[in-house]
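Each chain, written out:
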Amino acid sequence: MSTEMHPTRWGDPAAVAPLPETTRGLVELAFGIHESPAVEEVTLPPVGLPGAVLDELRSLLGDDHVHTDDATRRLRTRGKSTPDLLRARAGDLADAPDAVVRPATHDEVAAVLDVAVRHHVAVVPFGGGTSVTGGLVARREGYAGVLSLDLVRMKGIRDVDPVSMTAVLEPGLRGPEAEALLAGHGMTLGHYPQSFEYASIGGFAATRSSGQSSAGYGRFDSLVVGLTVATPAGTLELGSAPATAAGPDLRQLLLGSEGAFGVITAVRVRVRALPAEKVYDAWHFASFDQGATAMRTLAQSGLMPTVLRLSDETETALNLASHSDVGGESTGGCAMIVGHEGASVAVKRAAVAAVLTELGGTDLGEERGRAWAAGRFHAPYLRDAMLDVGVLVETLETATFWSNVDRVYAAVRDALTGALGEKALVLCHISHVYETGCSLYFTVAAPEADDPLAQWLAAKAAASDAMTGAGATITHHHAVGTDHRPWLSREIGEVGVGILRAVKAELDPTGVLNPGVLVP
Ligand SMILES: Cc1cc2nc3c(=O)[nH]c(=O)nc-3n(C[C@H](O)[C@H](O)[C@H](O)COP(=O)(O)OP(=O)(O)OC[C@H]3O[C@@H](n4cnc5c(N)ncnc54)[C@H](O)[C@@H]3O)c2cc1C
């Protein structure tokens, strides 16, 4: 797999493929096909950074690690949300950084920050570049230029502690690289977001990522034991014990800080033994309500599988029809994926199966579960193929308490169909489950209007108003970036915004770190 993603698409350039024939037929029937014109090569804005700043960075890092060529800058422009892709496809690369710098150590990161502060240059930490909330788009007005601080050279593992079951990972490790290094010690992190192939350890921490196996292994923030962070105010070393009563937990202030408070240069993580067994089963429930009740019962009885997700009726029907997920003929109802990983899974698997059967579930067996596991990283490639034929596709997510799920589900669906029209397909699944509630993950497909970017931004605003209006969070795992900032202010209120601003002022007094991201 290529280490660099396609500049205007998701993932490995070698994996670019047209829409599969079965799906193309369905799309044509539902929306009509409008092939998008091929994107022409575009020129980037000229490098605006003064030569003296570039010289200083070169003497610090070496000529080979300071890049101002268009090809490198293009690959570090924005993230991979549908608006990011639409802008890039339209030839708009106005947010390109002036230069890409690649420090190799914590001290080099700190030295780059020092240069940035002295010359008032905006700094955008770059991990895997998979942000879907505008987290890599810094405000440039008022700055001498924008630097992409690319962590790609920081890919080490150290301090592996098989007694405490912890290890220190460097921030530039992508998901597969971290897993491969840990596997060498018989360990796993177990963090598998859909962006696993490209997203990085530092990015997971900076966005409070959550993965497909987080029911079993925990969200990324719960896997973090310690952090090392370079800030303009100095270095923070956090997490010297498994638990502490030494005041508020400052790690929680840095987790989810999206490069606005500092650059994460090392993450001490809690790890598990590599599982000897992995089993994924598919289950069928008559309705979304019935399946959700079964999930809640599992979560509240402490019987959590490693993977637990439930598609609503529309998502189930579409997945079955396209054979891209659980595969097979649709008989209505909802599909649930239930995965177990561990040294020996039989006892828990049987206990979970008993609860699910009791609550109306039908076991569809391992074959469909295996099909889900095999295709779990495939959907983002499909999004590109859909954009190619004029279909707007994007996802959004939220979380709420169990007693509020119906209200949020209906409000977001209504808002999306209201904004995009009756032809729009709105799919949903419960992606993460807790004792007190769950997250709802929506996928939207609609025929593109003349201005698809404006079309999506209006729909996204309507959905965001609906979710926060119904009492849910603006994001369960995609983070805030620039896109969710207005709704973050509503969610945490004036006092909360004041706290974020005070922390920013303390750690980054001249405001060079990711200006415009996270902090309202
Ligand atoms: C197709 C697709 C599927 C996705 N699926 C999931 C999913 O299942 N679960 C999920 O949680 N998210 C998902 N995401 C969102 C995204 O992958 C996550 O937000 C991811 O955690 C970001 O990691 P990254 O390394 O790509 O960070 P980047 O995109 O490079 O950066 C994200 C933000 O963190 C900052 N940052 C990055 N590294 C550091 C660092 N070392 N120190 C300080 N700040 C830093 C950046 O400046 C930016 O603001 C998905 C995205 C896509 C495109």
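Novice: How should the side chain of Arg76 be read in this particular structure?
Specialist: In this fold, Arg76 is placed in the loop between α3 (70-75) and α4 (82-89). Polar contacts involving the side chain of Arg76 include one to the side chain of Glu4, which spans 2.9 Å. Sequence-distant contacts of Arg76, that is, excluding residues within four places in its chain, are made with Glu4, Pro97, Val100, Arg102, Phe126, Ser148 and Asp150.

Novice: Looking at this model, I keep getting lost on the confidence of the model for the protein chain. Mind explaining?
Specialist: As a note on interpretation, predicted positions should not be read in detail where pLDDT is low. Taken over all residues, the pLDDT of the protein chain has a mean of 94, while the share at 70 or more is 97%. This model gives residues 323-328 a pLDDT under 50, and the stretch forms 17 contacts once residues within four places in sequence are excluded.

Novice: What am I meant to see in the pattern of salt bridges here?
Specialist: Two side chains that carry opposite charge are able to pair once their charged atoms sit near each other. Counted under the stated rule, the structure contains 26 salt bridges. Between Arg251 and Asp249 there is a salt bridge, with the nearest N and O atoms lying 2.8 Å from each other. Linked by salt bridges that have partners in common, Glu4, Arg76, Arg102 and Asp150 make up one network.

Novice: Is there a simple way to think about the site of the ligand in this case?
Specialist: Around the ligand, the structure places 35 residues, and the nearest of them are Pro125, Thr130, Ser195, Ser200 and Ser210. Gly129 is positioned such that a nitrogen or oxygen atom in its backbone is 2.9 Å from an oxygen atom of the ligand. Note that an oxygen atom of the ligand is positioned 3.3 Å from one of the backbone N or O atoms of His477. Elements with a minimum of two residues in the shell around the ligand: β3 (122-126), α7 (201-207) and β10 (263-270). Considered class by class, the residues forming the shell around the ligand number 14 nonpolar, 19 polar and two charged.

Cut-off values and rules
- Residues numbered from 1 in each chain as written.
- Predicted model: local features only at pLDDT ≥ 70, side-chain atom pairs only at ≥ 80, totals over all residues.
- Heavy atoms only, no water.
- Helix = DSSP H or I, 4+ residues; strand = E, 2+ residues; numbered from the N terminus.
- Polar contact = N/O pair within 3.5 Å; in protein donor to acceptor, adjacent residues only side chain to side chain.
- Contact = heavy atoms within 4.5 Å.
- pLDDT = per-residue confidence, 0-100.
- Salt bridge = Lys/Arg side-chain N within 4 Å of Asp/Glu carboxyl O.
- Near = heavy atom within 4 Å.
- Nonpolar A, V, L, I, M, F, W, Y, C, P; charged D, E, K, R; others polar.

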